[in-house]
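# Structural description and commentary
Chain residues, written in single-letter form:
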Amino acid sequence: MKFKLRQMEIFRAVMITGSISGAARMLFISQPAVSKLLAHTETNLRLKLFHRSKGKLIPTPEAHNLFDEVNLVYEAALKVDAFAENLSANPSGKINICCSPSLGLDVIPSVLQLFSEKYSHTRIHFHTTLIQDMPLELLSRKSDIAISVLPVEHPNLNVETLKTGRMVCAVPITHPFCDKSSISLKDLEDQKLILYSRQIPFGQILNIAAEKNGVILSPIIDVPRAELACSLVSKGLGIAIVDQFSVGNNLWSNVVVKPLEEEISIRISIIESKFDNPGTEIKNFKSILRKYVKNSF
């Protein structure tokens, strides 16, 4: 057999990511290993699969035709592996789910509770991950599905928006702002603030909104995740701006949630690889997720 499974895996990874470095990250191997095996594959097949141009790999027409066939074989092999693993553990199925950290506080645990009550024999692997890491997780098949609160754009991902939400203020229960019906960005200029770091997407969104409204927001503490912000607010250290999904169902003691007058939108979205055919377990999970989000917000 000229085209072995490992060669298919390398070829597929390069096609998906568009580069040697991207394929190496996707497969968790070195770049030289990818380059060597890709060259060996082209030699074995006697086909030119990629044109090299300014550090990028441009697939040839032959590569595009081959990719369709490789994808079918590769997906079938992975399904056999997964089926064998499931048989050994005797479950009815298994799903791998990742989500934005703020959704991991209440929304997805609530959905998984409903899912487990109905499909008790399905094994679940669940973890949170950063938005910028979701494409690699999905395309490397570490996760079957991702649920995000910010847009994820990638040519090889499908995105389904479930609900539009907004940013809100988390206020210490003893703060005078608890008596306000809503809080504006201008109100926050002279307050002790706990804000997302400007290096992450949430922080960039807040910074854009502040600039748009002519407001300067200077945090005393910057954080990477909503749960850290809310835990600090509960200790009375300041006011935080977080997404509404991280503070639902009275998750935090000593924290009062107030609407932010300026609308800073966020969206709960389901994200999946275009190269995957979701199994019954994922379809069941998505159905429960859609219903929960529709009825809860």
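Preceding this paragraph is the structure being described.
Summarised in this report is the structure supplied together with it.

## Some remarks on the pairing of strand 6 (residues 157-172)
- In this structure, strand 6 lies alongside strand 11 (residues 265-273), joined through nine bridges in antiparallel fashion. Paired with Glu160 across the strands is Ile270, a residue of strand 11.
- Direction of pairing for strand 6 relative to strand 9 (residues 239-243): antiparallel, over a ladder of four bridges. Bridging from a neighbouring strand, Cys169 pairs with Ile241 of strand 9.

## Topic: the packing of aromatic side chains
- Under the counting rule described, the total for this entry stands at eight aromatic pairs.
- The interplanar angle of 75° and the centroid separation of 6.1 Å between the aromatic rings of Phe115 and Phe285 together place this pair among those described as edge-to-face. Highlighted residues: Phe115 in helix 5 (residues 107-118) and Phe285 in helix 9 (residues 280-296), separated in sequence by 170 residues. Each member of the pair, Phe115 as well as Phe285, carries the same accessibility label: buried.
- Aromatic side chains Tyr292 and Phe297 sit 6.5 Å apart centroid to centroid with 80° between the ring planes, which places their arrangement in the edge-to-face category.
- For Tyr292, a relative accessible area of 14% gives the class buried.
- Put simply, the rings of Phe11, Phe50, Phe67 and Phe275 touch in pairs and so form one group of aromatic residues.
- It is Lys180 that lies over the ring of Phe177; its NZ or CZ is 5.5 Å from the centre.

## Description of helix 8 (residues 226-234)
- Buried residues of helix 8: Ala226, Glu227, Ala229, Cys230, Val233 and Ser234, and no others. Considered in projection along helix 8, the buried side chains sweep an arc of 160° and stay on one side of the axis.
- Each element contacted by the buried residues of helix 8 is listed here: strand 6, strand 7 (193-196), strand 8 (219-223), strand 9 and strand 10 (255-259).
- Immediately downstream of helix 8, the backbone of Gly236 shows phi near 80°, a positive value.

Analysis parameters
Residues numbered from 1 in each chain as written. Predicted model: local features only at pLDDT ≥ 70, side-chain atom pairs only at ≥ 80, totals over all residues. Heavy atoms only, no water. Pairing = 2+ DSSP bridges. Helix = DSSP H or I, 4+ residues; strand = E, 2+ residues; numbered from the N terminus. Phe/Tyr/Trp six-rings, centres within 6.5 Å; stacked < 30°, edge-to-face > 60°. Buried < 20%, exposed > 50% of the residue type's maximum accessible area, 1.4 Å probe, protein only. Lys NZ or Arg CZ within 6 Å of the ring centre and 35° of its normal. Arc of directions from axis to C-beta. Contact = heavy atoms within 4.5 Å.

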